[in-house]
Amino acid sequence: MAVAHKGSISMGLVLIPVGMYKTTQDNDIHFNQLEKESKARIKYKKYCSHCGKEVTSADIIKGYEYEKNKYVVMTDEELEKIKTKKDKTIHIIQFAKMSEVNMIYYEKDYYAVPEVGAEKAYELLRQALLSQKKVAIAKTVMGTNEKLLVLYPTKDGIIVKTLFYQDEIVAMPKPVQKLKLDENELNMAKMLIENMTKPFVAEEFQDEYQARLREAIMKKIQGQEIVAVDTIGPSNVIDLMEALQKSLELSQEPDEKSRKQLTGTA
């Protein structure tokens, strides 16, 4: 796995060289765009808007438009020059409880893996954070952006979570009305939640639609027809209390059919 970013976690005078690696991979099926008649692949070209010449990545430089059609060029060397020593480290600003960081700020996750020789300092930070159930709030420059980070300890290592800044978070499109609820409905909803509560095990969940999509693609390759997998119509239950009661009854039934009907899985 290629390293996404390299730097040193800076905690006071302690430096812990680490590499940051992506925590996820893309397993989705991707479709190419084809021309309707010929079925030939659609391709996009980069070209110069002035001379019309096709260009490659080697021909492209960074330019900032400060006025209409007027650009100032910034080279990679110049961008590197304006980085301070602190920018080149993952410098810890403070520590906090994980619960104090609102989930809406999370952007991406990376594994922080210590370089050779930094394992002891890395483990010291991980265990100290884990024992106090705290996280480190830090900053570093990645590319041309200063990233706000959370260093989150786990039993296996440290996860680096990049965060959005406050001014990047938009408000809800409209406020959610707080209604006075019927006590019986609320109690029934709580019972439904209780009946459907069990430990979260990530391995139990798979992308079922992608599996059906792969099967459908193989059928088409073999010349078979795609048939509908779900012919069940929408429920005609419109009364909230009735819907809760029906859901509660299904949640109490142990059979697989009831579970699938309740959760909407295939």
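Whatever comes next refers back to the structure up there.
The structure contained in this document is the topic of the report that follows.

**Let's talk about the pairing of strand β7 (residues 134-142)**
Stage number 1. Where burial is concerned, most of β7 is hidden: 7 out of the 9 residues are buried.
Stage number 2. Of the strand pairs in this sheet, β7 and strand β8 (residues 145-153) are connected by 7 bridges, and their pairing is antiparallel. Within β8, the residue paired with Ala 138 across the bridge is Leu 149.
Stage number 3. Once β7 ends, the chain turns through 2 residues before running back antiparallel as β8, passing Gly 143 with a positive phi of about 70 degrees.

**Digging into the nonpolar core**
Soluble, globular proteins show a tendency: their nonpolar side chains are buried together.
Stage number 1. Core analysis: the largest hydrophobic core is formed by 19 residues, its most contacted members being Ile 9, Ile 16, Ile 90, Ile 92, Leu 125, Leu 151 and Val 160.
Stage number 2. Those elements that place two or more of their residues in this core are β2 (14-22), β5 (89-97), β6 (106-114), α2 (119-132), β7, β8 and β9 (158-163).
Stage number 3. The residues touching Ile 16, leaving out its near neighbours within four places in the chain, are Gly 7, Ser 8, Ile 9, Ala 118, Ala 121, Tyr 122 and Leu 125.
Stage number 4. In this structure, Ala 96, Met 98, Tyr 106 and Val 150 belong to the second largest nonpolar core, which totals 9 residues.

**What to know about a nonpolar patch on the surface**
Stage number 1. A contiguous nonpolar surface patch, about 400 Å² in accessible area, is contributed by Tyr 64, Tyr 66, Val 72 and Met 74.
Stage number 2. Judged by relative accessible area, which is 47%, Tyr 66 ranks as partly exposed.

**Points about the pattern of salt bridges**
Opposite charge on two side chains permits pairing when their charged atoms draw close.
Stage number 1. Scanning all chains against the criterion turns up 12 salt bridges.
Stage number 2. Across the salt bridge formed by Asp 109 and Lys 161, the nearest N and O atoms sit 3.3 Å from each other. You can see Asp 109 sitting in strand β6 and its partner Lys 161 sitting in strand β9, a full 52 residues away along the chain.
Stage number 3. On the basis of relative accessibility, which here comes to 12%, the residue Lys 161 falls in the buried class.
Stage number 4. Where salt bridges share partners, they join Glu 80, Lys 83 and Lys 88 into one cluster.

**Some words on the side chain of Ser 10**
Stage number 1. Tracing the backbone shows Ser 10 in strand β1 (residues 5-11).
Stage number 2. A residue is classified by how much of its surface remains accessible, and Ser 10, at 14% relative accessible area, is buried.

**Quick word on a negative patch on the surface**
Stage number 1. A cluster of acidic residues, Asp 26, Asp 28, Asp 207 and Glu 208, forms a negative patch at the surface.
Stage number 2. Residue position: Asp 26 is located in the loop between β2 and β3 (62-67).
Stage number 3. According to the relative accessible area criterion, Asp 26 is exposed, its value standing at 52%.

The rules behind these values
Residues numbered from 1 in each chain as written. Predicted model: local features only at pLDDT ≥ 70, side-chain atom pairs only at ≥ 80, totals over all residues. Heavy atoms only, no water. Buried < 20%, exposed > 50% of the residue type's maximum accessible area, 1.4 Å probe, protein only. Helix = DSSP H or I, 4+ residues; strand = E, 2+ residues; numbered from the N terminus. Pairing = 2+ DSSP bridges. Core = buried A, V, L, I, M, F, W, Y, C linked by side-chain atoms within 4.5 Å. Contact = heavy atoms within 4.5 Å. Patch = residues over 30% accessible without salt bridge, like charges linked within 9 Å, V, L, I, M, F, W, Y side chains within 5 Å. Areas by Shrake-Rupley, 256 points an atom, 1.4 Å probe, with all protein chains shown as cover. Salt bridge = Lys/Arg side-chain N within 4 Å of Asp/Glu carboxyl O. Lys, Arg positive; Asp, Glu negative; His and termini not counted. Charge placed at Lys NZ, Arg CZ, Asp CG, Glu CD.

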